[in-house]
Structure formats: C-alpha cells, structure tokens
Amino acid sequence: MSRDGNVVGGEAQLNGPVIQAGEVTGGIHLHGAGRQPPLPVPRQLPPLTAHFMGRSDDLAALDDLRSRHDGHSAPLIVVSGPAGVGKTALVTRWLRDTDKAYPDGHLYADLRGHSPEGPAEPGEILGQFLRALGVGPVPAGLAEQAALWRSVTANLRIGIVIDNVLSAAQVRPILPGGRCGLTVVTSRNRLTGLGVDGARVYHLGVLDPAAAEELLSRGVGRERVQNEAAAAREVVLLCAGLPLAVCLAAARLAARPKQPLRALVDALAEDRDRLEELTVEGEKAVRSGLDGSYAVLSEGTARLYRRWGLLPVRVFEVRSAAAVCGVSMRVAERLIGALLEANLIEESGPDAYRFHDLVRLHARERGFLDESERARSETLRRACDWYLATATEAQRLLTPIQLTLRRDFAFCPDGLPLPFDDETGALEWLAAHRLDLLEAVRTATGQGWYDTGWQIVDAMWPLFLRLRHYGLWIEAHELGLAAAERAGDRAAERQMLNSGAIGFTSARRIDDAIDWYRRSLIAAREAGDVRDEGQALHGLGTCHREAGRTGQAVSYLSQAITAWESCGYQRGAALSRIIVGEIALESDDIDRAVGCFSQAHTLLTEVRDPYDAARALAFLGYAHSLAASPRKRAADARADAYERGIGELREALAVFEASGATHWRARALELLGRSAQHNGERDAAREFYERSRAAHLPHSPDEAERLAGRLGELGGHAPGALEQNP
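Residues numbered from 1 in each chain as written. Predicted model: local features only at pLDDT ≥ 70, side-chain atom pairs only at ≥ 80, totals over all residues. Heavy atoms only, no water.

The next thing to look at is the environment of Cys 384. Secondary-structure assignment places Cys 384 in helix α17 (residues 373–398). Counting along the chain gives 69 residues from Cys 384 to Gly 453, while the straight-line C-alpha distance between them is 8.6 Å. Residue contacts for Cys 384: discarding those within four places in its chain leaves Ala 440, Thr 443, Ala 444, Trp 449, Thr 452 and Ile 456. (Helix = DSSP H or I, 4+ residues; strand = E, 2+ residues; numbered from the N terminus. Contact = heavy atoms within 4.5 Å.)

Below, the structure is given as structure tokens:
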C-alpha cells in the first residue's frame, strides 16, 4: 500500500495548524486560529525627564565616539559616572531622536547593578530582549540564549541601552552580533574590562554652575530663583553640581512654595545633615545611591573609603592611603584603583585623588558608622604622623641645620618611600600640602596630641622661610605655640615664639613680633639657654630696624652676635651681621657693609648653609655694585667692583632658582635691577624689576605692588630686610 508523503523545505514558514497524514478516517474539524498581529518595533527607551538640560558638550562627545568606530563591529560605548550624575537621562536624550538610524528598534534593560535585591542575571535580560523582537520560545541555557541573540541581531539596525551595570561580566553575554547597531552601557563603575570588547568609555561629570542653576529654576520657578539669586547659587553650590541633588532640592522647595530658599541653604550648610536633607518622601535619596555603591566594595576598599572620609583634607595620594590603612604602597594602589573603578573618587592630578563633595560627606558618615572610636582615632593619628614624618624629611633636605628638636611618632611610616628625592621636590611637596599640613596641626591639637602639633609646625619651617605665606605662617605658629605650652615643652615654646615672631616681622606686624621676641627672651634667660637668647636679641634687632629705630637695632644685634659667639654658634652671628650690613648700606657706609656681608658669607659657607650663604652673597654683590659709580669706574681701580658685584648677584640668584626659593629669587632680581639702575642701565633695570614683580605676584601681592611702583618711577629706597630664623 502506497503512502502519501508531504515535504516542507526551504525557508517556508507555516502559520496555523498543519496536519501531515497518509490516511484520515472519521470526521475531522479544523478551526484555524486567527493570524497573530505582528509585534510593534520596540521603542523601549525610558521617558525623558522634563528637566534634562545643560549637556550639549556631552551629547557632542557621544556623537564623536559613535563616529569613530572602525566598522568591524557595532559601536560599544560605556557612559560612566557616580550615582545621581544623570547617566541614564543623558543616554536617553542622546538616542531619543535616532529612530531613522535604528529602524529595527531601541531596547532598554536595567541590570539593577546596585539594587538591594541584587543585580539582574544576563539570561533574564536576553529573554526580555528576544521576546521583544518576537523570538520564542527562548532556550533555557545562557550559552544558547546568547548564541540565539547574536544570530537574531546579526543584521538588525538596533540601538540597545544596558543601564545600571555592575560589572563587565554581567553585560558581556548581552552584547549583540553584527555591525549595524549600537550598544550603550551605563554604570557607576568604569568597566575597564569591556576595553577588550572594543568599548569606548565616556566619563560623565557634574553640571556646571549655570546649568545647575537653570535646572533649579525649572523645578522651582524662574521668578522665585531670580528673587533670591544669591541663595539659589548657594543651593547649587551645596548640591555640588549633582543633577539628582539639584532635582531633590528643587522638589523640596516646590513642595514649600512659601519657604525662602535661604532656609534650605541653612539646612544644607551643615555637612552632617546635607545627605539627609536631599531626600523627598524617601525617594531617590543621594545617600541611597551612594550606599549602593559602598555596599559592593571589598572590605579593604571600603576601609580606605571610610578612612579617607575621616581625614580633614580634600586631596589624597597613594602614600596617605598606605599610611592610614597600614598597608604597603602596592596594596594601597590596588585599593585606590577599586575606588576609581567605582567612581567614588576622581583623579585631580598625578598621584592626586579627591571625592566629589557629596561623596566625601557619605564617606565621612560611613567612617563614623562603621569604624570604632579607637579605629577613627588611629586613622587620624596615622595621617598626622605621616605628614609629620614627610615634612621632617623635607626639612632635613632643605634646612638641616634647623632640625634641632625631637620628633615623636605613634605610627612612624618607616616603610613608605618619600614623595621627593631632592630639595626642589621637597619644597614643591611642602607647597602643595601646606593647607593639609595646617589641617594636620589642627587635628593633632584638637585630639590632644600637642607634641605632634608643634612638631609639624616646626617641620614646616622651610615652607615659611622660602615661600613666605604670611597668613599661614602666623596661624600655624599661633597653634604651635599653644600646643607647646599645653605639652609643657619650654624649648618648643621658645622655638615657636622665635620662628612665629619672624612671620610677624615679615608680615610687617612689628608690634606683635616684638611682643613674641620679648616673651622668648624672658623664657631663654629663665632656661639659661644662650643660643635662644641670641635668637630673641637678633629678632628684636630686626624689628627695631624695620620700625626705623636703627640705633636700638644695632644695639640688639650686637648683643646677639656677642651671645652667639660666646656659645660657639657662628651661623647665628653671621646672620646678625647680614642685618648690620644692611643697616650700613642704608647709611651709605659701603665699606662697613662689604665687611659684614663678606664675613657672613665666609662663615655661612663654612657651616654648610648654602641658602643663607647665598643671601649674604646677594647683599655682598649689591654692595660691590654700589661701591663704584659710573664716574669712578672710569677713573680708578674700583671699576671692577661693578662687574664683580653683578657676578655675585647672579651666582646667588642661581642658588635661589635651583632651590625654588621664590621670595629670595625675587629679592635677588630686584637687587640686580637696583644695581643696573645705579649704573645708569635703565632698560636692564626695568627687565630685572619686571621679573622680580612676576616672581612676587603669586605669593606676595604687596611686594609685587611695590615693584610695580618702582617700575613706574625707577626710583625709591631699599625695602626693609627680611631676616630668618637662625
């Protein structure tokens, strides 16, 4: 008996019921199902927030990244940034008008990377995408799902947004096949692992102040913002440009139409309350976003996050991470890399990292919640000890002769390499960390570690001496003196009084300087310390000289020279002779001035104090240049004095330039200008004055203004001497 056969081949598609039979008996009733309507082209992008704005540069950057793909695969772009910065809104806005570029649809999935319920599994998302394209049934295994997904998307022109991704491994199975589409991934992490898949990463930053203020206006009302413009700017500043924070602030204000904006400013101004205030009915709190990022950190990374948050500084480095966590540099680098990957910190320069302002508050909050009181105290002590140790090594390089007082450590960071290896690097480190060092002094004294407090101030001496930050100089020594008094260390008290008084003198606060020197003189005589007595006498001499009382000045300076020579401190005696030589110059006693400067230079060279020897040499060169007027140069043997003086000044200038001593570089340039002016070389004088003014400008505006006057007049008298701590 023959059997009928039916064959279906090729790419035929069968819709509805199909029966293949050789013989049919009985009654069969077929009721054909109605043809299923085709699924719509998926357009799954989230709704665009009405408040999106201010991202034209970011949108252009994404356009540029898309245009730069090589054509061998579909573009893959990662938009990375901290919680609340507006990653999803940016990507949604960017792709909103691209229906023509991606006619086969837009797919969107939230991978819940920081959700309390845990991240989405790749298989869940693949099933969602395949069903959206009308593909089913979906295979059960991830490998089969991914293979089917790549096959389905091989020739589709489709835009895919994979939002809130935790890791590269989570997103990799979801990457489509083909070369015609576009995949955009958003994450709080940088997802550097996707680099092997050809990803280009765009880091999204906060809004600029103008855009943030406009965002606030849209939520609150332009008139209300304009009526309280100053308060509105402060709200934006306190939100630190984070769009989520600005939107939450706007929502709070919108719900309280009668409340002044100033009331919100006052509420946000308290650091400890700011994260709590940026909440509306418990929704979208900035804290919850940061909590999610914090929750997935490893224990070591979370510890660094907390401990950095406890520190009273804004910029961190690998060595400070190693110090506060008690780990090696290699481990610290790995922990910092993890915080960078999580977008919880950002790079602000070579080996320089910082928190976004609101992230800093969260890190500090976690420090108080998750670190014990003992651990918090240890963190601060480790940081203070690291600043003390590093500043002390800078002092050892720059002014070793000044390093006479003890150093005490609870956690000495012996195993950490120094961030500098020469004088220039040491001074640059002190300059870059000057405000951090002051915060370390405040922290140490606030914690009752008084010895650490005054020791940090003492270690900062090269910074004060060479760069002349007068306000910092005075404030640090007021704190240092109080700490030395609380510690009961009389030698430290005298050191703080003497070096602090020099700061007062340099800032032209002569009466304060005299008061501190008198207190130091009394303390030195009570202690029978002849060397410190000489220091106080030297200081009183310089103060009276600044006040124009040259007779009293010379008397005190002569007493200082006698005291120091009696105890064998030749360096101190040489420094006093420099001031006496300056007074002689002002009295036109050139020969006496040359004698004082020459003797001082010889002694300072012998005791290996190159910086102060260069100071003496600069004045000696200036005195030599004055020793011969243009007429004398043509008439007698003193004609060589001018060339000799200019040579000595240039030699001193080279020392100051090599050591980074900005103040004395400027002084040497001015002395060269005066020498040139005295010799009738007005063009050369102007050039030196201009260079001197430029050198003064960043650190000593008053001195720069004085030089500007000299440039205008090409006249005037020598400025007062600026002494230093013997």
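Tallied over the entire structure, the rule returns 0 disulfides. Cys 247 provides the cysteine sulfur closest to Cys 239, a residue in no disulfide bond, and the two sulfurs are 9.4 Å apart. (Disulfide = S-S within 2.5 Å.)

This paragraph deals with helix α31 (residues 640–659). For α31, built from 20 residues, the straight-helix expectation of 28 Å at 1.5 Å per residue is met to within 8% by its first-to-last C-alpha distance of 29 Å. Listed as buried for α31 are Ala 641, Tyr 642, Gly 645, Ile 646, Glu 648, Leu 649, Ala 652, Leu 653, Phe 656 and Ser 659. Angularly, the buried residues of α31 cover 165° about the axis, an arc narrow enough to put them on a single face. Looking at α31, the residues exposed on the side facing more than 90 degrees away from the buried face are Asp 640, Arg 644 and Ala 658. Following α31 by one or two positions, Gly 660 adopts a phi angle in the positive range, close to 75°. (Expected span 1.5 Å × (residues − 1). Buried < 20%, exposed > 50% of the residue type's maximum accessible area, 1.4 Å probe, protein only. Arc of directions from axis to C-beta.)

This part is about empty space enclosed by the protein. The rolling of a water-molecule-sized probe over the atoms marks out the regions of remaining empty space. As enumerated under the stated definition, the model contains 5 cavities of 30 Å³ or more in all. The calculated volume of the second largest cavity comes to roughly 60 Å³. Leu 311, Pro 312, Val 313, Leu 380, Ala 383, Cys 384, Tyr 387, Asp 436, Glu 439, Ala 440 and Thr 443 are the residues that line the second largest cavity. Secondary-structure elements contributing two or more residues to the lining of the second largest cavity are α17 and α19 (434–446). (1 Å grid on protein atoms, 1.4 Å probe; cavity = no way out; pocket = protein on both sides within 12 Å on 5 of 7 lines; lining within 4 Å. Points joined across faces, edges and corners; volume = space filled by probe spheres on them.)

Right, let's talk about the pairing of strand β6 (residues 346–349) for a bit. Strand direction decides the pairing type here: β6 and strand β7 (residues 352–354), joined by 3 bridges, are antiparallel. What sits directly across from Gly 349, in β7, is Ala 352. Count of turn residues in the β6/β7 antiparallel hairpin: 2 residues, of which Asp 351 carries a positive phi of about 50°. (Pairing = 2+ DSSP bridges.)

This brings us to the sheet that holds strand β1 (residues 76–80). Across the sheet, which stays open at both edges, the 5 strands sit in the order β2-β3-β4-β1-β5 with parallel pairing between neighbours. Both edges of this open sheet fall to β2 (106–110) and β5 (200–203), since each of them pairs with a single strand only. Direction aside, neighbouring strands of the sheet carry axes that sit 15° apart on average. Direction of pairing for β1 relative to β5: parallel, over a ladder of 4 bridges. Counterpart to Ser 80 in the pairing with β5 is His 203. Across the sheet, helix α1 (residues 56–67) is in contact with β1, β4 (182–187) and β5; its angle to β5 comes to roughly 175°. Along the sheet, helix α2 (residues 87–95) contacts β1, β2, β3 (159–163) and β4; its crossing angle with β4, the most-contacted strand, is approximately 160°. (Axes fitted to C-alpha atoms, helices over the stretch in contact; angles between N-to-C directions.)

When you tally the buried positions in β4, you get 6 out of 6 residues, the bulk of the element. Residues Leu 182, Val 184 and Thr 186 point to one face of β4 and Thr 183, Val 185 and Ser 187 to the other, with burial holding for every one of them. In this sheet, β4 lies alongside β1 in parallel orientation, the contact comprising 5 bridges. By the bridge assignment, Ile 77 is partnered in β4 with Val 184. In the sheet, β3 pairs with β4 via 4 bridges, with the strands oriented parallel. In the sheet register, Ile 162 faces β4, and the bridge partner there is Val 185.

For the structure shown, the criterion picks out 50 salt bridges. Across the salt bridge formed by Arg 366 and Asp 291, the nearest N and O atoms sit 3.9 Å from each other. Pair noted here: Arg 366 is in helix α16 (residues 357–370) and Asp 291 is in helix α12 (residues 286–295), with a separation of 75 residues, a long-range link. Asp 291 sits in the partly exposed class, given a relative accessible area of 26%. The residue Glu 493 makes a salt bridge to Arg 490 at a minimum N-O spacing of 3.4 Å. Remark: Arg 490 and Glu 493 occur in helix α23 (residues 490–506); sequence separation between them is 3 residues, near one turn of the helix. Glu 493 gets classed as buried once you look at its relative accessible area, which sits at 13%. Overall, Arg 490 belongs to the partly exposed group, its relative accessible area being 42%. Here the salt bridges do not stand alone but share partners, grouping Arg 508, Glu 546, Glu 670, Arg 674, Glu 703, Arg 706 and Arg 710 into one network. (Salt bridge = Lys/Arg side-chain N within 4 Å of Asp/Glu carboxyl O.)

Turning to the confidence of the model for the chain, a few remarks are in order. Predicted coordinates in regions of low pLDDT should not be interpreted in detail. A residue-level look at the chain finds 89% of positions with pLDDT of 70 or above and a mean pLDDT of 87. Looking at the elements of the chain, mean pLDDT is at its lowest for helix α30 (residues 630–635), recorded as 50, and at its highest for helix α20 (residues 450–459), recorded as 98. When the criterion is pLDDT under 50, residues 7–15 qualifies, and its contacts beyond four places in sequence or with other chains add up to 2 contacts. Segment residues 716–725: pLDDT under 50, and 51 contacts once partners within four positions in sequence are set aside and those in other chains are kept. (pLDDT = per-residue confidence, 0-100.)

Quick look at the nonpolar core now. In this structure, Leu 216, Leu 304, Tyr 305, Trp 308, Ile 336 and Phe 656 are the most contacted members of the largest nonpolar core, which totals 183 residues. In terms of residue count, the dominant contributor to this core is helix α29 (residues 610–627) (11 residues). With near-sequence residues (within four places) excluded, Leu 216 lies in contact with Gly 221, Val 225, Ala 232, Val 235, Val 236, Val 246, Ala 250 and Leu 253. Residues Leu 111, Leu 130, Ile 158 and Val 165 belong to the second largest nonpolar core, which totals 25 residues. (Core = buried A, V, L, I, M, F, W, Y, C linked by side-chain atoms within 4.5 Å.)

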